[in-house]
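If you want the building blocks of each chain, they are given just below.
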Amino acid sequence: MGLNSTPASDRIHIGFFGKRNAGKSSVINAVTDQNLSIVSEVKGTTTDPVYKAMELLPLGPVMMIDTPGFDDEGDLGQLRMQKSFQVLNKTDIAVLVADGTIGIFEEDRGILRRFRKKNIPYIIVFNKLDLSDGSPDMQKAENILWVSSTTGENIHELKELIARQVPSGQSKYPIVSDLIKPRDLVILV
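What you are looking at is a predicted structure, and each value in this text was computed from that prediction instead of being measured.

Honestly, the environment of Ser25 in this entry has me stumped. Any pointers?
With respect to the helices and strands, the residue Ser25 is situated in helix H1 (residues 24-32). Residues Ser25 and Thr67, 42 residues apart in the sequence, show an inter-C-alpha distance of 8.2 Å.

The following block contains the structure:
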């Protein structure tokens, strides 16, 4: 099956999450090497999830998803955050993007707890390496990576790290087996 003919349901869904202005859209643009998402200094620029079907080697066909910030404010902000949390239900690999110049906040820890609760493999990306005065070595861990979406530094390494998150031997994701437990009653309509 070719890249363009692969249905969305057969693609690995990679969701990018984080606070407003952490650089989610900039990172996803760097990973896709396209201007997929609008980038602005204005908080809350991404108002709805943005989907991009592409090929990410060595994974093959994937669906990249840029989400609104999960620290939005007001009634409209609550709706945007709700959309971001809904994306979690279809995410196979999660990427938490944090602003490397300011670090991790409680909202970031909250989304990490959601990843763990849903058993979603995840990566923590500290963006804005080019602006950080701290040492990238202070946050080294297996699934933590410092990048610069502006200069492209470590973007290739991020793609490789994303590819390593897929469990070996798993080529397709279940459609409903993760929703149904033994002895559950299922009614198909």
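Honestly, the nonpolar core in this entry has me stumped. Any pointers?
Of all hydrophobic cores here, the largest spans 26 residues; its most connected members are Ile14, Phe16, Leu59, Val62, Met64, Leu158 and Ile162. For this core, the secondary-structure elements that each account for two or more residues are strand E1 (12-18), H1, strand E2 (50-56), strand E3 (60-66), strand E4 (93-99), strand E5 (122-127) and helix H4 (155-163). Looking at which element gives the most residues to this core, the answer is H4, with 5 residues. Ignoring anything within four residues of it in the chain, the contact list for Leu59 reads Ile12, Ile14, Ile162, Ala163 and Val166.

Even after reading the chapter, I still don't get the pairing of E4, so can you show me in this structure?
Successive residues of a regular strand alternate their side chains across the two faces of the sheet. Burial of E4 is extensive: 7 of the 7 residues sit out of reach of the surface. Of the two faces of E4, the one carrying Ile93, Val95, Val97 and Asp99 and the one carrying Ala94, Leu96 and Ala98 are both buried. Sheet topology places E1 next to E4; 5 bridges connect them, and they run parallel. Its bridge partner being in E4, Ile14 is matched across the sheet by Ile93.

Explanation requested: H4 in the structure shown.
Structural remark: α-helix, 3.6 residues per turn; residues separated by three or four positions point the same way. Within H4, burial applies to Ile155, Leu158, Leu161, Ile162 and Ala163. Close packing links the buried residues of H4 with E1, H1, E2, E4, E5 and strand E6 (144-146).

Help me understand a nonpolar patch on the surface in this model?
A grouping of Leu179, Ile180, Val186 and Leu188 is seen on the molecular surface, where their side chains present a nonpolar patch of about 420 Å² in accessible area. Here Leu188 falls in the exposed class, since its relative accessible area comes to 78%.

Looking at this structure, I do not really get the packing of H1 against H4. What am I missing?
Two quantities define a packed helix pair, namely the angle between the axes and the distance from one axis to the other. Where H1 meets H4, the closest approach of the two axes is 9 Å, and the angle between their N-to-C directions is 85°. One finds that H1 runs roughly perpendicular with respect to H4. Contact with H1, carried on its side by Val27, Ala30 and Val31, involves Ile155, Leu158 and Lys159 of H4 and no other residues of that element. Considered class by class, the residues forming the contact of H1 with H4 number 5 nonpolar, no polar and 1 charged.

Conventions used here
- Residues numbered from 1 in each chain as written.
- Predicted model: local features only at pLDDT ≥ 70, side-chain atom pairs only at ≥ 80, totals over all residues.
- Heavy atoms only, no water.
- Helix = DSSP H or I, 4+ residues; strand = E, 2+ residues; numbered from the N terminus.
- Core = buried A, V, L, I, M, F, W, Y, C linked by side-chain atoms within 4.5 Å.
- Buried < 20%, exposed > 50% of the residue type's maximum accessible area, 1.4 Å probe, protein only.
- Contact = heavy atoms within 4.5 Å.
- Pairing = 2+ DSSP bridges.
- Patch = residues over 30% accessible without salt bridge, like charges linked within 9 Å, V, L, I, M, F, W, Y side chains within 5 Å.
- Areas by Shrake-Rupley, 256 points an atom, 1.4 Å probe, with all protein chains shown as cover.
- Salt bridge = Lys/Arg side-chain N within 4 Å of Asp/Glu carboxyl O.
- Axes fitted to C-alpha atoms, helices over the stretch in contact; angles between N-to-C directions.
- Parallel < 35°, antiparallel > 145°, perpendicular 65-115°, else oblique.
- Nonpolar A, V, L, I, M, F, W, Y, C, P; charged D, E, K, R; others polar.

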